[in-house]
Amino acid sequence: MRRLLTSLGTIALAATLLTPVAGAQDLFDGGRLGGGSSQLIPSGSSTGSQLAEIEEAVDLERYAGTWYQVAALPQPYTLQCARDTTAEYAVIDEDTISVRNSCGTLFGQDSVIEGTATTRSDASLRVNFPDVPFQDPNGPTNYRVTYLAEDYSLAVVGDPNRTSGFVLSRTPDLSPQQWSQVRETVESRGFWSCSFLTVPMAEGRGDIAPLCTQ
């Protein structure tokens, strides 16, 4: 069995209302307001069916390393992220990987949060961050790999109900042809591509734009 993980955002009020009052450090340290998962976001999808996972098992060893989150559905728990969002994975054992999500903020310091992800199937897992409220470690799958390039250079992941979605790349800069492929892939998996926003990268594109315009 094999697996993985990630994150980004822009919505805040809902997360604030659902979370106990916290200090500024809590707000900007890894997006703890939202719990680092899609638990606080209402379920629902654009197609009425769950997000499909890839047919073959994810090779955990090949998936380990650094990924750049080049586009994503905005999430309340990553409101503080302004640029250079990355996810780093390392193998712990056959069914578990470590997760380190980080991003640049408008406040100078980087936002970092660390956790683990455990396998639920060959391409689905449960992600948990120890210091985040409202999490159930035994809760349902909240991370599913729905596309993975043969050479492990590009991936599209999300939760089963499509309330979260992330485009991951081994490089921060995509060509126009790759952006077109990403848009087509996201749409083929039942997402609305206009709801995905690109993520500014120091060594890639520097703007925020709907994926449907690519």
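Cut-offs applied
Residues numbered from 1 in each chain as written. Predicted model: local features only at pLDDT ≥ 70, side-chain atom pairs only at ≥ 80, totals over all residues. Heavy atoms only, no water. Core = buried A, V, L, I, M, F, W, Y, C linked by side-chain atoms within 4.5 Å. Buried < 20%, exposed > 50% of the residue type's maximum accessible area, 1.4 Å probe, protein only. Helix = DSSP H or I, 4+ residues; strand = E, 2+ residues; numbered from the N terminus. Contact = heavy atoms within 4.5 Å. Phe/Tyr/Trp six-rings, centres within 6.5 Å; stacked < 30°, edge-to-face > 60°. Lys NZ or Arg CZ within 6 Å of the ring centre and 35° of its normal.

If you check an unreviewed UniProt entry, the protein chain appears there as Outer membrane lipoprotein Blc from Corynebacterium occultum.

Visitor: Sorry if this is basic, but what is going on with the nonpolar core here?
Guide: Nonpolar side chains in soluble globular proteins generally cluster together in the buried interior. Formed by 26 residues in total, the largest nonpolar core has its most connected members in Val 58, Tyr 63, Tyr 89, Tyr 143, Leu 148 and Leu 168. Among the elements that take part in this core, strand S6 (residues 143-148) stands out by supplying three residues, more than any other. Among the nonpolar cores identified, the runner-up in size contains 16 residues, and Leu 51, Tyr 147, Ala 149 and Phe 196 belong to it.

Visitor: What exactly am I supposed to notice about the environment of Thr 96 here?
Guide: Of note, Thr 96 is situated in strand S3 (residues 96-105). Those residues within four positions of Thr 96 in sequence are excluded, and the remaining contacts are Leu 60, Val 91, Thr 116, Ala 117 and Thr 118.

Visitor: I'm lost on the packing of aromatic side chains in this one. Help?
Guide: Aromatic rings considered in pairs are described by the distance between their centres and by the relative angle of their planes. Enumeration according to the criterion identifies four aromatic pairs in this entry. Summarising the aromatic geometry, the rings of Tyr 63 and Tyr 89 are spaced 5.5 Å apart at their centres and angled 35° between planes, so their arrangement reads as tilted. Here the residue Tyr 63 occupies a position in helix H3 (residues 60-63), and Tyr 89 occupies one in strand S2 (residues 81-93), the gap between them amounting to 26 residues. Tyr 89 matches Tyr 63 in its accessibility class, with the two residues each being buried. Relative to Tyr 152, the ring of Tyr 63 lies with its centre 6.4 Å away and its plane at 70°, an arrangement referred to as edge-to-face. With Tyr 63 in helix H3 and Tyr 152 in the loop between S6 and strand S7 (154-158), this residue pair connects regions lying 89 residues apart in the sequence. Here Tyr 63 matches Tyr 152 in class, with each residue buried. Against the face of Tyr 63 rests Arg 170, its NZ or CZ located 6.0 Å from the ring centre.

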